[in-house]
Number of protein chains: 2
Amino acid sequence: MASLKDISRQCGVSVATVSKALNNHTDISEGTRERVRKAAKELGYSPNFSARALKTNKTHGIGVLFVDEARSGLTHDYFAGVLDSFKSTVEDKGYDITFINCSKKQPNRMTFLEHVRYHGFDGVVIACIDFGAPEVAELVQSDIPVVTIDHVFNNKIAIMSDNITGMTALTDYCISKGHKKIAYLHGEPSTVTTARLTGFYRATDKKGIVIPDEYVVGTKYRDTVGTYKETLKLLKMKDRPTCILYPDDFAALGGINAIREMGLRIPEDISVAGYDGIKAIIDREPQLTTVLQATDLIGERAAKKLISLIEKPKTTIIEQVVIPGTLKEGRTIADLTK
Amino acid sequence: MASLKDISRQCGVSVATVSKALNNHTDISEGTRERVRKAAKELGYSPNFSARALKTNKTHGIGVLFVDEARSGLTHDYFAGVLDSFKSTVEDKGYDITFINCSKKQPNRMTFLEHVRYHGFDGVVIACIDFGAPEVAELVQSDIPVVTIDHVFNNKIAIMSDNITGMTALTDYCISKGHKKIAYLHGEPSTVTTARLTGFYRATDKKGIVIPDEYVVGTKYRDTVGTYKETLKLLKMKDRPTCILYPDDFAALGGINAIREMGLRIPEDISVAGYDGIKAIIDREPQLTTVLQATDLIGERAAKKLISLIEKPKTTIIEQVVIPGTLKEGRTIADLTK
DNA sequence: CTCGCCTGCGCAACCGTTTGCTCTGATTTT
DNA sequence: AAAATCAGAGCAAACGGTTGCGCAGGCGAG
């Protein structure tokens with residue numbers, strides 16, 4: 001690989017001059033600059049990231065921590081959407097993204113923080129992870145600029161999908177269609193789940209609707225087996241609900257299959273709704289009623305906030321940005337008012 | 001950040017000794033090694049990736065080029081699956097992955113190859129992209145170790161999902177259920193499409209089944225609008241097919257909706273099948289018959305091949321690895337033989 | 001004519017690591 | 001006892017690029 005030295009030799013100027021010429025410093029004459037540029041092109045010069053980073057202590061690199069229980073969050077539609085949007089936003093601004101290695105199999109693996117320091121990432125975005133893990137806390141509490149998604153840490157920027165309002169809207173919608181016996185299979189305990197439960201009860205409380213405890217059950221996110229089983233239980237109750245809300249669109253499929261298996265129709269016999277707005281699910285008839293999370297906006301805001309924090313740490317406001325979702329009315333909630 | 005120099009000062013030994021001690025060179029006494037390790041821990045030493053990379057000319061970094069028409073391939077279930085598996089495999093072996101910047105919005109953006117050289121990636125994996133783009137060709141034909149997925153370049157390693165056999169199996173299955181009038185809405189021209197068309201005709205030819213040309217139509221991948229329209233056309237034909245095969249599971253949804261809209265039942269009135277095996281689709285009743293692509297295996301093989309090419313360039317065989325898919329029998333193909 | 005300023009470029013240090021070679025003192029071999 | 005070997009540690013250059021400072025020459029102004 002051609003280096004600055006090669007160009008300097010070719011042009012008969014110093015390495016410093018070459019560097020300045022290529023970086024558009026003002027103290028280089030137009031003539032020299034052109035000669036240098038030409039030589040660079042001829043020699044196939046390629047700047048060296050490592051050398052530059054070593055000297056400037058800036059990498060223009062962002063570390064990404066998207067970890068699912070199973071593996072990375074890549075196969076998780078919601079997070080894949082967020083990441084996709086995040087990626088394209090930071091790339092537009094000249095940042096590159098690298099995954100923070102989360103392999104457990106490595107002989108002497110680094111902690112997340114160690115890995116970040118090693119690479120010298122300018123900032124980090126975290127999502128879809130066990131936020132309680134000590135390793136995550138260590139990273140978040142370091143001096144590295146960090147933005148978290150869907151989880152709030154003290155004194156750190158967080159981008160939050162508005163789960164409270166979203167769930168309230170969804171529940172309100174069900175109530176407005178005349179449903180009173182609404183069951184809610186929610187996800188495992190987490191920031192997100194808590195918010196949605198809050199939203200759920202906020203809606204029912206406001207209308208004075210009392211939801212029996214056995215209607216509200218925790219199941220795993222993105223798991224059809226759990227929802228299948230719990231749905232069967234709900235359907236076999238003496239006082240069966242008229243409407244079942246699921247942790248997410250995918251998990252809803254388990255419920256839908258259970259309902260069909262019992263010979264019941266959706267929405268005539270039983271109404272259902274999901275959460276997320278996964279295209280592969282809501283595009284299919286009967287269209288699932290759900291709450292569409294604005295993954296594009298979430299990723300974009302996360303990216304912009306993080307870059308701002310990196311480039312203007314003083315003036316960047318540390319805050320929780322809440323991104324609203326939108327109720328997506330499908331055809332799986334029956335109108336009982338007619 | 002503490003550096004080797006800090007440790008050397010603390011321990012009263014040279015920087016070289018510290019480096020060797022931490023890297024387990026054999027010419028350092030156990031005593032010194034221990035003292036160094038202790039000091040490193042105390043000072044919170046973190047190795048510097050850039051310095052190391054600069055010196056050794058090795059980054060242990062892999063560049064990833066997963067570009068969709070829309071944006072990255074992250075929201076594409078198939079590629080997300082492949083990438084996820086790829087990621088975890090290389091991470092287990094101590095490699096990190098960074099996306100090759102494909103933003104078009106950057107003022108003076110680098111070409112893919114320039115970006116790869118800049119970062120000094122040890123290798124590159126390419127998928128889900130317009131393989132005809134000159135920039136991609138430039139990258140592939142460089143001296144950088146490269147593995148492509150689902151596309152063959154001359155003299156380069158390629159990991160291929162076995163689309164020929166997969167499609168043959170699917171078509172055979174339809175034929176075995178007594179279907180003769182099989183329509184195939186395939187994707188836009190590409191390596192993958194060509195392979196599947198080959199597979200399709202191989203199956204029909206073998207059984208001496210003649211497929212009218214108007215039964216075979218190109219539509220976009222992962223697009224429900226196109227398949228919706230084309231399905232309506234097929235259904236309105238005088239001699240309507242009994243079975244329609246779609247470019248992929250997601251695109252199949254458009255067809256399914258069109259069929260339902262015409263008041264037809266699946267599979268009683270018309271049979272359908274997809275391709276890919278997207279969980280959010282095939283887990284729903286009636287389960288879509290499809291071909292499950294082995295994303296896990298594809299990603300893993302791509303990773304292992306690439307790492308082998310990086311670490312043992314001499315002995316690594318340049319070949320096309322073909323990964324079979326599996327027919328997933330759902331409930332959307334009617335049995336006409338009974 | 002002299003002074004000061006501006007323009008254009010080079011000097012040299014430095015970023016943190018790695019590694020081949022050298023040096024020293026001790027131990028083993030003959 | 002002299003020579004050869006060896007373990008353990010340091011020296012110093014090198015990787016490629018950046019940047020504050022200094023310096024020379026040309027110019028206009030006083």
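With that out of the way, let us pick up the interface of chain B and chain A. By convention, interface size is frequently given as the accessible area that disappears when the constituent parts associate. Residue-level contacts link 56 residues of chain B with 56 residues of chain A. Buried area between chain B and chain A, summed over both chains or domains, comes out near 5300 Å², and the portion from carbon and sulfur atoms is 53%. Here chain B is connected to chain A by two salt bridges. The closest approach of N and O atoms between A:Lys105 and B:Asp92, which form a salt bridge, is 3.5 Å. Linking chain B to chain A there are 28 residue pairs in polar contact (both at pLDDT 80 or more). Every element with two or more residues in the side of chain B that touches chain A is listed here: α4 (49–56), α5 (77–92), β2 (96–99), α6 (112–119), α11 (249–261) and α12 (279–282) of chain B. Considering each element in turn, the side of chain B that touches chain A owes the most residues, 10 residues, to α5(B). Among the residues making up the side of chain B that touches chain A, the classes are represented as 21 nonpolar, 17 polar and 18 charged.

The next thing to look at is the pairing of strand β11 (residues 320–323) of chain A. All names here are of chain A. Where burial is concerned, the two faces of β11 differ: the one with Val321 and Ile323 is buried and the one with Gln320 and Val322 is not. Pairing analysis gives four bridges linking strand β5 (residues 157–161) to β11, with the strands arranged parallel. Among the inter-strand pairings, Ile159 is bridged to a residue of β11, identified as Val321.

Next up on the list: the sheet that holds strand β8 (residues 243–245) of chain A. All names here are of chain A. Overall, parallel pairing links the four strands, which are arranged β7-β6-β8-β9 in an open sheet. The two strands at the open ends of the sheet, each matched to only one other strand, are β7 (216–218) and β9 (271–273). For this sheet, the mean angle separating the axes of adjacent strands, direction not counted, is 15 degrees. By the bridge criterion, three bridges tie β8 to β9 in an arrangement that is parallel. In the sheet register, Cys243 faces β9, and the bridge partner there is Ser271.

With that out of the way, let us pick up helix α9 (residues 191–206) of chain B. Residue and element names in this part refer to chain B. Here α9 spans 23 Å end to end across 16 residues, near enough to the 22 Å set by a 1.5 Å rise per residue. Burial in α9 covers these residues: Val192, Thr193, Ala195, Arg196, Leu197, Gly199, Phe200, Ala203 and Thr204. On its buried side, α9 packs onto α8 (163–176), β6 (182–186), β7 (216–218) and β8 (243–245). Measuring from the side-chain oxygen of the N-cap residue of α9 to the backbone nitrogen of Val192 gives 3.2 Å; that N-cap residue is Ser190. One or two steps after α9, the chain reaches Gly208, where phi turns positive at roughly 65 degrees.

We now examine the environment of A:Asp122. Residue and element names in this part refer to chain A. Along the chain, Asp122 turns up in the loop between α6 (112–119) and β3 (123–127). Of the residues examined, Asp122 reaches a relative accessible area of 9% and is grouped as buried. Distance from Asp122 to Ile310, taken between C-alpha atoms, is 6.5 Å for residues 188 residues apart in sequence. When sequence neighbours within four positions are dropped, the list of residues in contact with Asp122 reads Lys58, Thr59, His60, Gly61, Tyr95, Pro145 and Ile310. At 2.7 Å, the side chain of Asp122 forms a polar contact with the backbone nitrogen of His60.

This brings us to the protein's contact with DNA strand D. If you check the shell around DNA strand D, you find 28 residues, and the closest are A:Leu4, A:Tyr45, B:Thr17, B:Lys20 and B:Thr32. In DNA strand D, atoms within 4 Å of the protein come from the sugar-phosphate backbone in 61% of cases. Contacts to DNA strand D include A:Tyr45, whose side-chain N or O atom sits 2.5 Å from a phosphate oxygen. Between B:Lys55 and DNA strand D, the recorded distance is 2.8 Å, taken from a side-chain N or O atom to a base nitrogen.

Before going further, it helps to examine the relation of the copies chain B and chain A. Rotating chain B by 180 degrees and translating it 0.0 Å along the rotation axis places it on chain A, where the RMSD comes to 0.1 Å. Here the symmetry operator amounts to a two-fold rotation axis. Both copies share a contact surface, since 100% of the interface residues of chain B are interface residues in chain A too.

Lining the immediate surroundings of DNA strand C are 28 residues, of which A:Thr17, A:Lys20, A:Thr32, A:Lys55 and B:Tyr45 lie closest. Contact between DNA strand C and A:Thr32: a phosphate oxygen at 2.3 Å from a side-chain N or O atom of the residue. Here B:Lys20 contributes a side-chain N or O atom positioned 3.2 Å from a base oxygen of DNA strand C. When contributions to the surface near DNA strand C are tallied by element, the ones reaching two or more residues are α2 (15–22) and α4 (49–56) of chain A together with α1 (4–11), α2 (15–22) and α4 of chain B. Here the residues of the surface near DNA strand C are counted per class, giving 10 nonpolar, 11 polar and seven charged.

Rules used in this analysis
Residues numbered from 1 in each chain as written. Chains lettered and ligands numbered in written order. Predicted model: local features only at pLDDT ≥ 70, side-chain atom pairs only at ≥ 80, totals over all residues. Heavy atoms only, no water. Contact = heavy atoms within 4.5 Å. Buried area = accessible area lost by both parts, 1.4 Å probe. Salt bridge = Lys/Arg side-chain N within 4 Å of Asp/Glu carboxyl O. Polar contact = N/O pair within 3.5 Å; in protein donor to acceptor, adjacent residues only side chain to side chain. Helix = DSSP H or I, 4+ residues; strand = E, 2+ residues; numbered from the N terminus. Nonpolar A, V, L, I, M, F, W, Y, C, P; charged D, E, K, R; others polar. Buried < 20%, exposed > 50% of the residue type's maximum accessible area, 1.4 Å probe, protein only. Pairing = 2+ DSSP bridges. Axes fitted to C-alpha atoms, helices over the stretch in contact; angles between N-to-C directions. Expected span 1.5 Å × (residues − 1). Near = heavy atom within 4 Å. Least-squares fit on C-alpha atoms with pLDDT ≥ 70 in both.

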